[in-house]
Amino acid sequence: MKIPNLLINELDTLLIQKGKITQTHASIKSLLNEKFIRLKFNKRKTNHSPINIIMMGQNHDMELSLEFAKNISEQINFFLIASPHMGPLKLSFLGKENVNVEITQMIIGRLKSPSHIERKVSLAKNALMKLTTAILMDGMLTMNDSAVLLGEEANFQSELLVIGQHNDDISITQKVDHKAKKSYSTLNNSLVANDQSHLKFDIYGTIDKYCAQSQCFQHSKGILLGEKAWIEVDPKLIINEFDVEAGHGAAVGQINQDELYYLSSRGLDELLAKRLIIQGYTDPFVTAFPLIQHQKYINQAIARKMGGR
Amino acid sequence: MSILEIRDLYVAVEDKTILKGVNLTVKGGETHAIMGPNGTGKSTLASVVMGHPKYTILSGSILLDGEDITTLAVDERSRKGIFLAMQAPIEVPGVTNFDFVKTAVQAHMPNDKKLRIGKFILDFESAAQDLQMGTGLAHRYLNEGFSGGEKKRNEILQMKLIKPAIAFLDEIDSGLDVDALRIVGENVTAMKSNDLGMILITHYQRLLDYIEPDFVHIMIKGEIVKTGGKELITKIDVEGYDWLKAELGVTELEEIRKPVSLGTCATKVPLK
């Protein structure tokens, strides 16, 4: 898959392909070898526009680490374009004290053989990370997401959209580990399964002993649009401390008939009404990407995954 | 000017017949009020005309400008000009009010015509201002987090922009405080024209103080049992429905309740 022009024409774009950084950004320090790339984000004196990263998947295993220095605020738009036979990929997002980072990540491309992605988040004291992810690739993927909250007031907020189509088989394990008191996490998953696609989620939230006043929430909602589509969500909380707030919820089903009736009563035919309801699922992910051209690109990818529905 | 004719309509939900021979004709320019005790089928009538799939029409017909619409889907009825301001509007998370109303207005336009977005934005803002719905309405998710009054006003906002030919307003006054009731009343009254026939379903005179009806119907046990003018509203407000029950010889308005066995619980059997 080629890099879409909509993405490559952007300024402030860091391009990673064939294990090399072929275009870079002034504020980022990079260290790399054939299988490992380390990007260090330091405080910028001027120009606070978002940084775009485009990464092409490789046929061998790869590791990419994004490290955010103390006290910085950063927005990263990260496009991962999977190659047909992509090797295992490990992504690390490391936030030091007082960082405020928003990462929007889109995973696209067509996998011809099963692939695996591992994402690790580590947050220090007072670090805030918002990770918004749209998984819109085709094929079979397993993904392990883990977040470790190491410092007091560390806050991890994840929003994940997955759209399955045809025979897509996507299995995701999410783990959040609270290792400091007053640490906060929220995982929200929005899942849409078309055709015969399978989406499976195992979600773990762990609050260790002595991590009082922490908050850990998981919420998943899924829409089944194909007769043979399948969504499984298994949320779990492992709490070893009394003074915490935690909760999990999952709702999977077909489109709400009351919502359909209401929209139809205003003249929207079934197809249009369903499209609008699904758009309600996907729009928050699209608008999380601040640039209009990125939004346009994501909308195109969503429309393709929905088979024009 | 459109005409809605409901002829000898019998409707059931599951095995229970709710409407038992309703006859009603509403012409453009007319405002009808339907009143009656709880559970007599007023809201069912509105939902059946809108085409809610829960109800089964046993016999009778619903004609809009002479065309039987009973076989049409909900969206087709809407596009023909039927509108129902619902008693309990549904929340649709993720869908913004603006996107929804824009799509609805576009759906009511002929296929070869496109919505002029600039004009629509002005119309939307003007309608929101008329209904005193505050700023930010366009970007709020459809009815999500709206107060009861906001939901009802949002129904009227949709009605103003969709411009239906026949509109049912099902208990649009419930959940409204005095000021909101006045605002809704004034907006609905301002919509009165020969192009709109309205059916107000209500329990109280207070709505009809703001929206003056031409005809008042009283519905009891699935039938319209009396039709009159505004004088009926005052009579009901003062005397309730007892005089009418006596006049019609209706003694039992409540559903006859049959005892149902819930099975037996495990009981502790004393040892012998």
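This text follows the structure it describes.
Small disclaimer: the values here were computed from a predicted structure and weren't measured. (Residues numbered from 1 in each chain as written. Chains lettered and ligands numbered in written order. Predicted model: local features only at pLDDT ≥ 70, side-chain atom pairs only at ≥ 80, totals over all residues.)

**Description of unusual backbone geometry**
Residue and element names in this part refer to chain B. Its identity as a non-glycine residue notwithstanding, Asp 65 has a phi of 50°, on the positive side. For Lys 163, which is not glycine, the phi torsion reads 55° and is therefore positive. Within the secondary structure, Lys 163 sits in the loop between helix H5 (148–162) and strand E9 (166–170). For Lys 163, a count of 15 C-beta atoms within 10 Å puts it in the partly exposed group. (Helix = DSSP H or I, 4+ residues; strand = E, 2+ residues; numbered from the N terminus. Buried ≥ 20, exposed ≤ 12 C-beta atoms within 10 Å, placed from the backbone.)

**Observations regarding the sheet that holds strand E4 (residues 36–41) of chain A**
Residues and elements named next belong to chain A. A sheet is described by the order of its strands in space; here 9 strands give the open sequence E3-E4-E6-E8-E10-E12-E14-E16-E18, paired in mixed fashion. Since the sheet does not close on itself, it has two edges, and those belong to strand E3 (28–32) and strand E18 (230–239), each with one partner. The mean inter-strand angle of the sheet, taken between neighbouring strand axes irrespective of direction, is 10°. Taken together, the 10 bridges between strand E12 (residues 140–149) and strand E14 (residues 169–178) define a ladder with parallel strand orientation. In the strand pairing of E14, Thr 142 is matched with Ser 171. (Pairing = 2+ DSSP bridges. Axes fitted to C-alpha atoms, helices over the stretch in contact; angles between N-to-C directions.)

**What to know about helix H1 (residues 42–50) of chain B**
Residue and element names in this part refer to chain B. Counted residue by residue, H1 has 9 buried out of 9 residues, so it is predominantly covered. Of the residues making up H1, those classed as buried are Lys 42, Ser 43, Thr 44, Leu 45, Ala 46, Ser 47, Val 48, Val 49 and Met 50. Just past H1, the residue Gly 51 takes up positive phi, approximately 100°.

**Observations regarding the interface of chain B and chain A**
Each partner contributes residues to the interface: chain B has 20 residues there, and chain A has 18 residues. Going through the elements one at a time, helix H2 (74–80), strand E7 (92–96), helix H3 (97–107) and H5 of chain B are the ones with two or more residues in the side of chain B that touches chain A. Broken down by element, the residue count for the side of chain B that touches chain A peaks at 5 residues, all from H3(B). The residue makeup of the side of chain B that touches chain A, split by class, is 11 nonpolar, 6 polar and 3 charged. (Contact = placed C-beta atoms within 7 Å. Nonpolar A, V, L, I, M, F, W, Y, C, P; charged D, E, K, R; others polar.)

**So, helix H3 (residues 270–286) of chain A**
Along an α-helix, a turn takes 3.6 residues, which lines up residues three or four apart on a common side. The end-to-end C-alpha distance of H3(A), which contains 17 residues, comes to 23 Å, matching closely the 24 Å that a straight helix rising 1.5 Å per residue would cover. At A:Gly280, H3(A) is bent by approximately 40°, the largest bend along its length, and proline A:Pro284 sits one to four residues beyond. (Expected span 1.5 Å × (residues − 1). Bend = angle between axes of the 7 residues up to and from the residue.)

**With respect to the packing of H3(B) against H5(B)**
Residue and element names in this part refer to chain B. Two elements in contact, H3 and H5, have axes separated by 10 Å at closest approach and are oriented at 35°. Both H3 and H5 take part in a crossing whose hand is right-handed. Contacts between H3 and H5 involve Asn 97, Val 101, Ala 104 and Val 105 from the former and Asn 154, Gln 158, Leu 161 and Ile 162 from the latter. Residue composition of the contact of H3 with H5, grouped by class: 5 nonpolar, 3 polar and no charged. (Left-handed = near helix turned anticlockwise from the far one by under 90°.)

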